[in-house]
Amino acid sequence: MPPRRTGITYWTMAAIARSIVLVLFKREWAGAHHIPADGGFIVAVNHNSYIDPVAYGHFQYSAGRPPRFFAKEGLFKGAFGRLMRAMKHIPVARGGAGALAALDAAATAVRAGEGVVFYPEGTLTRDPEMWPMTGKTGIARVALATGCPVIPVAQWGANLLMPPYGKMGRLFPRKTHHVLAGPPIDLSRFEGREPTPELWREVTDEIMTTIASLLSEIRELPAPIAPDVQRTTADPKDVQASTA
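In short, a report on the structure. (Residues numbered from 1 in each chain as written. Predicted model: local features only at pLDDT ≥ 70, side-chain atom pairs only at ≥ 80, totals over all residues. Heavy atoms only, no water.)

Turning next to the sheet that holds strand 5 (residues 115-118). Within the open sheet, the seven strands sit side by side as 1-7-6-2-5-3-4. Their pairing is mixed. The open sheet has two free edges, formed respectively by strand 1 (25-30) and strand 4 (90-92), since each of these has just one partner strand. Between one strand axis and the next, the sheet turns through 25° on average, direction left out of account. The pairing of strand 6 (residues 150-156) with strand 7 (residues 175-181) spans four bridges and is antiparallel. Residue pairing in the sheet places Q155 in a bridge with V179 of strand 7. (Pairing = 2+ DSSP bridges. Helix = DSSP H or I, 4+ residues; strand = E, 2+ residues; numbered from the N terminus. Axes fitted to C-alpha atoms, helices over the stretch in contact; angles between N-to-C directions.)

Going through the model one piece at a time under the given rule, you end up with six aromatic pairs. Consider the rings of W29 and F59, whose centres lie 5.5 Å apart with planes at 90°: the pair is edge-to-face. Placement of W29 in strand 1 and of F59 in helix 3 (residues 52-62) is noted, with a sequence separation of 30 residues between them. Assessed through its relative accessible area of 23%, W29 is described here as partly exposed. Taking the relative accessible area as the measure of exposure, F59 reaches 2% and is therefore buried. When the ring of Y56 is compared with that of F59, the centres are 5.7 Å apart and the planes differ by 40°; the resulting orientation is tilted. Remark: F59 and Y56 occur in helix 3; sequence separation between them is three residues, near one turn of the helix. Residue Y56 shares its accessibility class with F59, and that shared class is buried. By the ring-pair criterion, three or more aromatic residues cluster together here, those being W29, Y56 and F59. Lying across the ring of W200, R141 places its NZ or CZ 4.2 Å from the centre. (Phe/Tyr/Trp six-rings, centres within 6.5 Å; stacked < 30°, edge-to-face > 60°. Buried < 20%, exposed > 50% of the residue type's maximum accessible area, 1.4 Å probe, protein only. Lys NZ or Arg CZ within 6 Å of the ring centre and 35° of its normal.)

Mapped onto the fold, V179 is located in strand 7. Sequence spacing of V179 and V203 is 24 residues, and the spatial spacing of their C-alpha atoms is 23 Å. Not counting residues within four places of it along the chain, the set of residues in contact with V179 comprises E28, W29, A30, Y56, F59, V153, A154, Q155 and I218. (Contact = heavy atoms within 4.5 Å.)

Let us look at the packing of helix 2 (residues 8-24) against helix 3. Two numbers describe a pair of packed helices, the interaxial angle and the distance between the axes. Contact geometry for helix 2 and helix 3: axes closest at 9 Å, N-to-C directions at 115°. Handedness of the helix 2/helix 3 crossing: left-handed. Residues Y10, W11, A14, A17, R18 and V21 of helix 2 lie in contact with helix 3, whose contacting residues are V54, A55, H58 and Y61. The residue makeup of the contact of helix 2 with helix 3, split by class, is eight nonpolar, one polar and one charged. (Left-handed = near helix turned anticlockwise from the far one by under 90°. Nonpolar A, V, L, I, M, F, W, Y, C, P; charged D, E, K, R; others polar.)

Function cannot be read off these values alone, since they describe shape.
Given below as structure tokens:
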């Protein structure tokens, strides 16, 4: 994308990120045609490595839509934080008024036509088999409030180079970064219902189940159906925003 579409800061950082991804990974990417060509949308993607935002970000950027990450506020400090804000990423605090303000900012960005990336788990997966965990419900709140498409994405491979909470492994031979984007999730059956924690939980579980199914295709393994993903009720306190 030319700088006029993203701003010179984003364009420069994207060029640097692209170089990093090309050095670190071979790529097997599929489903980029599901990224909307225009209009606002949400991407819901699993999180299994500290470096997977760079790799996934290159995927969406290459599809012609600059990703605006919904990211924890700790990343928005100092010089790096100024870059994050210049690139229009969205800081989110955990819980309380800060989380609600972040959700409002995400909804505003979607309505303005941006592609906002959520990591619904809110953190790196702690699942011992590296499957997605139960998601936080912030993504459901924004999806229902805006009525925007929700694009499910599974990724795998960055974790083989840098496991969750682990150290960087050997760079060579290069690992393969897999991305599989699916079609927009059909959330029509949730439309018109009263926005409650129970509804947000149902929608979030639908999103996480879809991501797990895509990851199952990549890994060629059956995705486990965790009891907490099957829940149809929610803790009324489960209203905090999803974080990266």
